[in-house]
Amino acid sequence: MSTILLLAITGLGLGALYFLVASGLSLIWGLMRVLNFAHGAFFTLAAYTGWMVAAALPSSAPWLVWLAAVVAAVVAGGAFAALTELILVRPLYRRPVGQVLVTVGLALATIALVQGSFGSDPRTFAIPDWMGRTTAIGGAAIPNTRLVTIGAAAATLAGLLAFLQRTRYGLIVRAGVENRDMVSALGIDVGRAFTLVFTIGGMAAGLAGILGATYYGSVDPGRGTAMLISAFIVVVIGGLGSIAGSAIAAILVGLLQQFLNFYAAAGVGDFAVVILLAVVLLVRPGGLLKLS
Amino acid sequence: MNARLTPLVLLAGLFALAALPALGFTLPGLFDGPLNSAGTLNLLALCFIFGALALSYDLVFGYAGLLSFGHALYFAAGVYVTAIGLVQWNLDLPRALGLTALVAFVLPLIVGAISLRTRDISFAMVTLAFAEAGSIFVLQNPWGATGGEEGLALGTATLPASLIGVANTRNLYWLALALLAFASAVGWWSVNSPPGRVWQAIRENERRVEVLGLNPYLYKLGAFVLSAFLASCAGAVYLLVQGGATPEVTTASFTLVLLVMVVLGGVGTLWGAVLGGVVYEYLNVRLVELSNAPVLQNLPPVLRVPLSEPLFILGTLFIVLVLFLPGGLAGAIRSLRRAGYRSQPATETP
């Protein structure tokens, strides 16, 4: 029983990371029809920024250092994403394929740069002592990092939903996902909403980056790309453009991966996720929660 | 260029390239060592293979308009099926290649038949998923068949003597050249055949092709299988030239690199794609060598680190190209030529 609980919570933790990356991808696709391959680069760059900030600060107050790293990562992710949108994606509004290609180039270049600067091996990321310990829940010893990741993702989900449902900009974004042309026809500057969505997506990816570093206890140049592919799968299973769909699919994918990797054999879970994607697309081509 | 002259020029070029191992002169700056040195021939062989691979991807992406993110799977199938046949099952080379050809036909037929039921971004994702499944399969090393992260090395006992050793690099070079010639011939013939014209029609307007009474699904499947088959051929030759299989060729990043090659050269032109593949691989190899050059070692780290990462330079180059030169190298050359034609009459009139 305790094993099942441990696997379930670890799977949720993994799903939480997937959700943080997937939510931004999903919003960007929904509003702009851009498949953002640079999202993994946002993740990696933010994680390394947080790691550098943590390494530069004195280690006497580990919690403050960790919080500073989180803030730095979120800011770096948002800033990098905003710059990407303004400098690279904006000039190509009339060439959708060009937009995708530019993000592909950016992803390759950024990952190579990080690898060249910090080496291709993982670097240890120090976390406060409490996070290295476990909490007993229902007889299972749950690593606290899992709980932190799940909590942060749940808070982000609540924040994103509140933003989309309650604010004026959220309304514009939702309307833009439904019908972009109509929104611009009503005299609203959709371009600003594009930058905003990119920034929010970048911040979520940045948070995922630093939480990933906390979860695994290290930063790794290749992790962003691996996350990006999982997040693509999550977004497509959940339905492109739907935040709630991404959340459901992220949990589903995380749990499936954990349980099968443990009970069947290592790798079977990853394989099953891919099969799940193929099945969902063939049965429900729009994903689980299809818009309109 | 005169249309009737083009095949002659191509044939002359092919003969010139085939005669290269007999030529001993050097091209300073372009290649280290003389043209017929093993290092240069090996580099050229890799360039030819990637030229053929980029061409195969252009068939499905540039001509049929299918954005597949799983093309690496078929290249990797060529590499790994041949390697497993040779190393694990102790087949001789012709049998291993025969097995590869069978897989290279059946695998894309199944994957294509399933993924082509979706379209656009869903198609890209399903193909990505299948390629990812292949990558996981190779990395998990089932029954010790694929060698996992270490890959498989071809022992000397598994290959005919004429393909082993530095002295026989020129045989591998000819093999790679033959691959490129074969892929180009098949590519040229297929895009100019009636089905090839239908592919381009589907790329432009699929609904219209349907209205004309043709079944786009079958044509798309044909393009998918043909392109995947050529990619597997390139994979088998790559295995022989490299002397082993490594799991990098199975990854999603490898497919993205293919996309970069084709866009670099020019989407929707065969020679552009070949040029893109050749230039990409040349830069990829040469930039690594450049990063060890003394000139670079003396630079401050701010400049040295980015310049010693080939993928950083290639990625940046790619972004600049997409932003400012949408037609790729082929588009640039074509517009230069057009500009040349325009200025010509002015100079020729007395």
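See the structure above.
Residues numbered from 1 in each chain as written. Chains lettered and ligands numbered in written order. Predicted model: local features only at pLDDT ≥ 70, side-chain atom pairs only at ≥ 80, totals over all residues.

1. Concerning the overall build of chain B
For step 1, the next point in the chain: When you go through chain B residue by residue, the secondary structure sums to 15 helices and two strands.
For step 2, the next point in the chain: The C-alpha atoms of chain B give 21 Å as radius of gyration, which agrees with the globular expectation for 350 residues (20 Å, within 12%).
For step 3, the next point in the chain: Its C-alpha atoms give chain B principal-axis dimensions of about 75 × 60 × 45 Å.
For step 4, the next point in the chain: Of the contacts formed within chain B by residues at least 6 apart in sequence, a portion of 73% connects residues at least 24 apart. (Helix = DSSP H or I, 4+ residues; strand = E, 2+ residues; numbered from the N terminus. Rg over C-alpha atoms; globule rule 2.2 N^0.38 Å. Contact = placed C-beta atoms within 7 Å.)

2. Observations concerning the pairing of strand β3 (residues 140-143) of chain A
All names here are of chain A.
For step 1, the next point in the chain: With four bridges connecting them, strand β2 (residues 134-137) and β3 associate as antiparallel partners. Bridge pairing in β3 links Thr 135 to Ile 142.
For step 2, the next point in the chain: Hairpin connection, β2 to β3: the antiparallel pair is bridged by two residues, and Gly 138 has positive phi, about 55°. (Pairing = 2+ DSSP bridges.)

3. Some words on the packing of helix α3 (residues 71-87) of chain B against helix α5 (residues 120-140) of chain B
All names here are of chain B.
For step 1, the next point in the chain: The interhelical angle for the contact between α3 and α5, taken along N-to-C directions, is 30°, at an axis separation of 9 Å. Classified by the angle their axes make, α3 and α5 are roughly parallel. Considering how the two elements wind past one another, α3 and α5 form a crossing that is left-handed. For the pair formed by α3 and α5, the contact residues are Ala 72, Leu 73, Ala 76 and Tyr 80 on the first element and Phe 130, Ala 131, Gly 134 and Val 138 on the second.
For step 2, the next point in the chain: Tallied by class, residues from the contact of α3 with α5 come to seven nonpolar, one polar and no charged. (Axes fitted to C-alpha atoms, helices over the stretch in contact; angles between N-to-C directions. Parallel < 35°, antiparallel > 145°, perpendicular 65-115°, else oblique. Left-handed = near helix turned anticlockwise from the far one by under 90°. Nonpolar A, V, L, I, M, F, W, Y, C, P; charged D, E, K, R; others polar.)

4. Section: the interface of chain A and chain B
For step 1, the next point in the chain: On the side of chain B, 33 residues touch chain A, which itself brings 31 residues to the contact.
For step 2, the next point in the chain: Going through the elements one at a time, α4 (96-118), α10 (223-238) and α12 (268-283) of chain A are the ones with two or more residues in the side of chain A that touches chain B.
For step 3, the next point in the chain: The dominant element in the side of chain A that touches chain B, judged by the number of residues it contributes, is α4 of chain A, at 13 residues.
For step 4, the next point in the chain: Split by residue class, the side of chain A that touches chain B holds 22 nonpolar, seven polar and two charged.

5. Here's the deal with the environment of Pro 221 of chain A
Residues and elements named next belong to chain A.
For step 1, the next point in the chain: Along the chain, the position of Pro 221 falls in the loop between β4 (218-219) and α10.
For step 2, the next point in the chain: Residue Pro 221 is classed as buried on the basis of its C-beta count, with 23 C-beta atoms lying within 10 Å.
For step 3, the next point in the chain: Sequence separation between Pro 221 and Ala 140 is 81 residues, and the spatial gap between their C-alpha atoms is 32 Å.
For step 4, the next point in the chain: Not counting residues up to four positions away in its chain, the partners in contact with Pro 221 are Thr 44, Ile 111, Val 114, Gln 115, Phe 118 and Ser 120. (Buried ≥ 20, exposed ≤ 12 C-beta atoms within 10 Å, placed from the backbone.)

Coordinates in, geometry out; function isn't part of it.
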